[in-house]
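One letter stands for each residue in the lines below.
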Amino acid sequence: MNGLINLLTAAIRAGIPLLFGTTGEIITEKTGNMNLGVEGMMWLGAFFGFYVGLHTDSLLLALLCAFAAGMFGALIYAVLTVSLRANQTVAGLALTIFGTAFANFFGLRMIEANGGMLPRLSAKLSGVLANNPIPLLGDIPYIGKLLFSHNILVYLGIIIAVLAFLYMNKTRIGLRMRAVGEAPATADAAGINVTLTKYVHILLGGGICGLGGAYLSLAYFDGQWQNACVSGQGWIAVALVIFANWNPVKAIWGTLLFGMFEVIRFRVGWLRIPPAFCDMLPYVITTLILVIASIRKSRERRQPMGCGNNYFREDR
């Protein structure tokens, strides 16, 4: 039983960066834009979050800068696709290349400035990000360790996913956002500012993706910078959007599943499974999800109708 609890606990922590990325991309796609730059925005958030945390010892400033970095990447994408009506797929791929190259280039400079050693956060900030149990709740047998013994960013990711679901489905602004994603021309005719709605939610989604990168660089690798910290997480997050049927709450369960695939490679040594097989397992599952989703199409499982298509008001 303890082994199962340990596995699930590790899976939750491994899946949280995917939850940030998936939630951010769901918000973006619900407004009618498919941003394949999730990986790039996560890289920007990872670098700037770590850099600011390293030099200020402030978790709040680190998260704000990571959020702003993700928004900056999303702003580039929004200008290209919303204002200039560039191809969304190409713009997203360009953002991924830019964010990955930027973070790795300056990450290497940061290592060189540290004498060739990997930079590490201060003990003060690392203590804030430690996986400490919540008083009383953390003492509950089994459940306490599984649900109430994580760092603050784990709870932040889950809270953001739940709030995103409530925002999209229970508020008037969320209804307008979904209307823009489904039928922008109709929403425009109804008096909704399509361009403003797209910009706001693309930037919001990008900021949340940036927080996912910050989680990886600040917490997941024990406060030590790794030049491969994101390493494909953004691409899995894009696939999880489909797996979760564009529902942030369902994404919580999806990221738990993929988090389990991520950690299982460290716990199957006794089965003598080749490490390379375990490394490719999340991507194989991602591919299968995309294939199954393309076969089992329904109204509830489909992408927003306006997603991927640039809106030009004069075409109405």
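Quick caveat: nothing in here was measured; it's all calculated off a predicted structure.

Per the secondary structure count, the protein includes 13 helices and zero strands. Walking the protein from its N terminus toward its C terminus, one meets helices and strands in the order α-α-α-α-α-α-α-α-α-α-α-α-α. For the protein, the spread of C-alpha atoms along the principal axes amounts to about 60 × 45 × 40 Å. Within the protein, buried positions represent 48% of all 316 residues. Taking the intrachain contacts of the protein between residues at least 6 apart in sequence as the baseline, contacts between residues at least 24 apart amount to 80%. Carbon together with sulfur atoms contributes 67% to the accessible area of the protein, which is approximately 15,000 Å² in total. Taken as two groups, the 23 positive and 14 negative side-chain charges of the protein have centres that lie 7 Å from each other.

This part takes up the pattern of salt bridges. For the structure shown, the criterion picks out one salt bridge. For R109, the salt bridge goes to E112, with nearest N and O atoms at 2.9 Å. One end of the pair is R109 and the other is E112, both in helix α4 (residues 88–113) and three residues apart, which spans about a single turn. Since its relative accessible area comes to 32%, R109 is described here as partly exposed.

There is a patch of nonpolar side chains on the surface, built from F72, L75, I76, V79, L80, L84 and F98 and spanning about 560 Å² of accessible area. It is helix α3 (residues 59–83) that provides the largest number of residues to the nonpolar patch, a total of five residues.

To continue, consider the side chain of N247. Positionally, N247 belongs in the loop between α11 (233–243) and α12 (248–264). Side-chain polar atoms of N247 contact the backbone nitrogen of V249, separated by 2.9 Å.

Quick look at unusual backbone geometry now. Even without a glycine there, the phi angle at L136 is positive, about 70°. Within the secondary structure layout, L136 lies in the loop between α5 (123–128) and α6 (143–147). The exposure class of L136 is exposed, given its relative accessible area of 71%. Phi angles above zero are rare outside glycine, and D222 is one such case at about 55°. When you line up the elements, D222 lands in the loop between α10 (194–220) and α11. The exposure class of D222 is exposed, given its relative accessible area of 59%.

Analysis parameters
- Residues numbered from 1 in each chain as written.
- Predicted model: local features only at pLDDT ≥ 70, side-chain atom pairs only at ≥ 80, totals over all residues.
- Heavy atoms only, no water.
- Helix = DSSP H or I, 4+ residues; strand = E, 2+ residues; numbered from the N terminus.
- Buried < 20%, exposed > 50% of the residue type's maximum accessible area, 1.4 Å probe, protein only.
- Contact = heavy atoms within 4.5 Å.
- Areas by Shrake-Rupley, 256 points an atom, 1.4 Å probe, with all protein chains shown as cover.
- Lys, Arg positive; Asp, Glu negative; His and termini not counted.
- Charge placed at Lys NZ, Arg CZ, Asp CG, Glu CD.
- Salt bridge = Lys/Arg side-chain N within 4 Å of Asp/Glu carboxyl O.
- Patch = residues over 30% accessible without salt bridge, like charges linked within 9 Å, V, L, I, M, F, W, Y side chains within 5 Å.
- Polar contact = N/O pair within 3.5 Å; in protein donor to acceptor, adjacent residues only side chain to side chain.

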